[in-house]
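Listed here are the chains, written in short residue letters.
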Amino acid sequence: MLSTTDGLVLRVMDREDNDKFLTVLTPDRGQISVIAKGARSVHSKLLPLVQPYTYANFEIYEKNGSLGWLRGGSVIEPFYGVRNDLDNLSLAAYLAEVGMDVTGEGEPGVEILRLLLNSLYALASGLRPAWQIKGTFELRVAGFSGFMPDLEGCAECGRTVSDPMYLDVMNGHLLCAECVRMAGRVRRTEMEMEDAGEMTLLLPMSSSVTAACRYVLSARTERMFAFSLEKSERDCFSAVCENYLLHHLERGFDSLNFYKSLSQTSVTAPNRKSKTEQN
Ligand SMILES: [Zn+2]
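Residues numbered from 1 in each chain as written. Predicted model: local features only at pLDDT ≥ 70, side-chain atom pairs only at ≥ 80, totals over all residues. Heavy atoms only, no water.

1. Things to note about the overall build of the protein chain
Here is step 1: The helix and strand inventory of the protein chain stands at nine helices and 11 strands.
Here is step 2: Counting contacts in the protein chain only where the partners sit at least 6 residues apart, residues at least 24 apart contribute 60% of the total.
Here is step 3: Total accessible area on the protein chain stands at roughly 13400 Å², and carbon and sulfur atoms take up 49% of it. (Helix = DSSP H or I, 4+ residues; strand = E, 2+ residues; numbered from the N terminus. Contact = heavy atoms within 4.5 Å. Areas by Shrake-Rupley, 256 points an atom, 1.4 Å probe, with all protein chains shown as cover.)

2. What to know about the pairing of strand β3 (residues 30-36)
Here is step 1: With respect to burial, β3 is a largely interior element, seven of its seven residues being buried.
Here is step 2: As judged from the seven bridges shared by strand β2 (residues 20-26) and β3, these two strands associate in the antiparallel manner. Its bridge partner lying in β3, Lys20 is registered against Ala36.
Here is step 3: Here three bridges tie β3 to strand β5 (residues 67-77), and the two strands are oriented parallel to one another. Counterpart to Val34 in the pairing with β5 is Gly68. (Buried < 20%, exposed > 50% of the residue type's maximum accessible area, 1.4 Å probe, protein only. Pairing = 2+ DSSP bridges.)

3. Topic: the packing of aromatic side chains
The description of two aromatic rings rests on the distance between their centres and on the angle between their planes.
Here is step 1: Throughout the structure, instances matching the rule amount to five aromatic pairs.
Here is step 2: Between Trp131 and Phe227, the aromatic rings sit 6.3 Å apart at their centres with planes inclined by 80°, giving edge-to-face as the arrangement. With Trp131 in helix α4 (residues 130-147) and Phe227 in the loop between α6 (207-218) and α7 (231-249), this residue pair connects regions lying 96 residues apart in the sequence. Just as Trp131 is buried, Phe227 falls in that class too. (Phe/Tyr/Trp six-rings, centres within 6.5 Å; stacked < 30°, edge-to-face > 60°.)

4. Some points on the coordination of the zinc ion
Here is step 1: Surrounding the zinc ion are the protein donor atoms Cys154 (SG), Cys157 (SG), Cys176 (SG) and Cys179 (SG), which sit 2.2 to 2.3 Å from the metal.
Here is step 2: Considering all four donor atoms around the zinc ion, angles at the metal cover 104 to 116° and the coordination shape is tetrahedral.
Here is step 3: Counting residues between consecutive donors of the zinc ion along the chain gives the motif C-x2-C-x18-C-x2-C. Here Cys179 lies in helix α5 (residues 177-182) and Cys154 lies in strand β6 (residues 150-154), a separation of 25 residues in the sequence.
Here is step 4: By relative accessible area, Cys154 is classed as buried at 4%.
Here is step 5: A relative accessible area of 12% means that Cys179 is categorised as buried. (Donors = N, O, S within 2.8 Å, 3.2 Å for Na, K, Ca; no water. Tetrahedral: all angles 85-135°; square planar, octahedral: opposite > 155°, others 65-115°.)

5. Focus: the nonpolar core
Across soluble globular proteins, nonpolar side chains have a tendency to be buried as a group.
Here is step 1: One finds Leu8, Tyr94, Leu167 and Phe237 to be the most contacted residues of the largest nonpolar core, which totals 64 residues.
Here is step 2: In terms of domain composition, this core takes at least three residues from each of domain 1 (1-78) and domain 2 (83-268).
Here is step 3: Beyond its immediate stretch of four places on either side in the chain, Tyr94 contacts Lys134, Glu138, Leu245, Leu246, Phe253, Ser255 and Leu256.
Here is step 4: In terms of nonpolar packing, the next biggest core, distinct from the first, is built from 14 residues, Val9, Val24, Val34 and Ala36 among them. (Core = buried A, V, L, I, M, F, W, Y, C linked by side-chain atoms within 4.5 Å. Domains from an automatic or database assignment.)

6. With respect to the environment of Ala155
Here is step 1: Mapped onto the fold, Ala155 is located in the loop between β6 and β7 (165-168).
Here is step 2: Residue classification places Ala155 among the partly exposed positions, given a relative accessible area of 43%.
Here is step 3: Sequence separation between Ala155 and Asn171 is 16 residues, and the spatial gap between their C-alpha atoms is 9.9 Å.
Here is step 4: Leaving out residues up to four positions away in the same chain, Ala155 has contacts with His173, Leu174 and Leu175.

7. A few points about the side chain of Thr54
Here is step 1: Its place among the elements puts Thr54 in the loop between β3 and β4 (55-62).
Here is step 2: Within the local environment of Thr54, its side chain forms a polar contact with the backbone oxygen of Gln51, the two atoms lying 3.1 Å apart.
Here is step 3: Excluding anything up to four places from it in sequence, Thr54 contacts Gly7, Leu8, Val9, Pro48, Val75, Glu77, Pro78 and Arg83. (Polar contact = N/O pair within 3.5 Å; in protein donor to acceptor, adjacent residues only side chain to side chain.)

8. Regarding the sheet that holds strand β8 (residues 173-176)
The pairing of strands in a sheet happens through backbone hydrogen bonds and is either parallel or antiparallel.
Here is step 1: Pairing within the open sheet is mixed, and its four strands lie in the order β6-β8-β7-β11. Edge positions in the sheet fall to β6 and β11 (202-205), since each of these pairs with one other strand and no more. Between one strand axis and the next, the sheet turns through 30° on average, direction left out of account.
Here is step 2: Pairing of β7 with β8 involves four bridges; the strand directions are antiparallel. Residue pairing across strands places Tyr166 opposite Leu175, the latter belonging to β8.
Here is step 3: Sitting on the sheet, α6 is in contact with β6, β7, β8 and β11, with an inclination near 140° to β6. (Axes fitted to C-alpha atoms, helices over the stretch in contact; angles between N-to-C directions.)

In short, shape yes, function no, at least from these values alone.
Following this line, the structure appears as structure tokens:
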């Protein structure tokens, strides 16, 4: 059966016989696996369709199950600007790896796909800085993946303004400075092992970072980058978004480690092992 679908190439792997194996995120069917016969050849007509982070309409022949053979198609958006720069490329690789982790086969992937497309567009066009794209993506992915934090006000007293406000990462809610002080909680930004298996992580956030996080989670996707932060606040925003997502996904990412090894962005993330390192 020949079918067509729009999709974003999340991963490309070389295969025997000059073939490539693609993982494509589609709006209706989530991830699909596609073999592109002969696409490792520079003469292949499939070449433009098998580039990582390309958004295209794919013509796929399927015999059965979720594996298909790429017959042709047309590129909708190649995101050339992502591939022209190693920092952009490595950030795109991280966004795609997170996208792979939070979507699956047979589950609609429309929200994550739109988030990825908007983020890649902002990155490729240079419209938004990397810290903003990365943090916004991370926080919204966490929300879409069932870990939406409650940022309305302090979970204990309801106060909506506090400088700093603390994000209780594991419980996904805020605590104001007064409640943290009253409870005698230790203010720290590193993971604290209270006893075996129990973790507390309170991340301090200034009122502007709290406002930025609230905005990111409530804005429409096409407006999600329409906020700004002073330079001095950006590391805090980055740390909050990255820590929040990684703690809830309970894993690290090789692509993130690589991106951070390139970039000057300093994020106070605890050292964690990626899945492949753990295995
Ligand atoms: Zn409070």
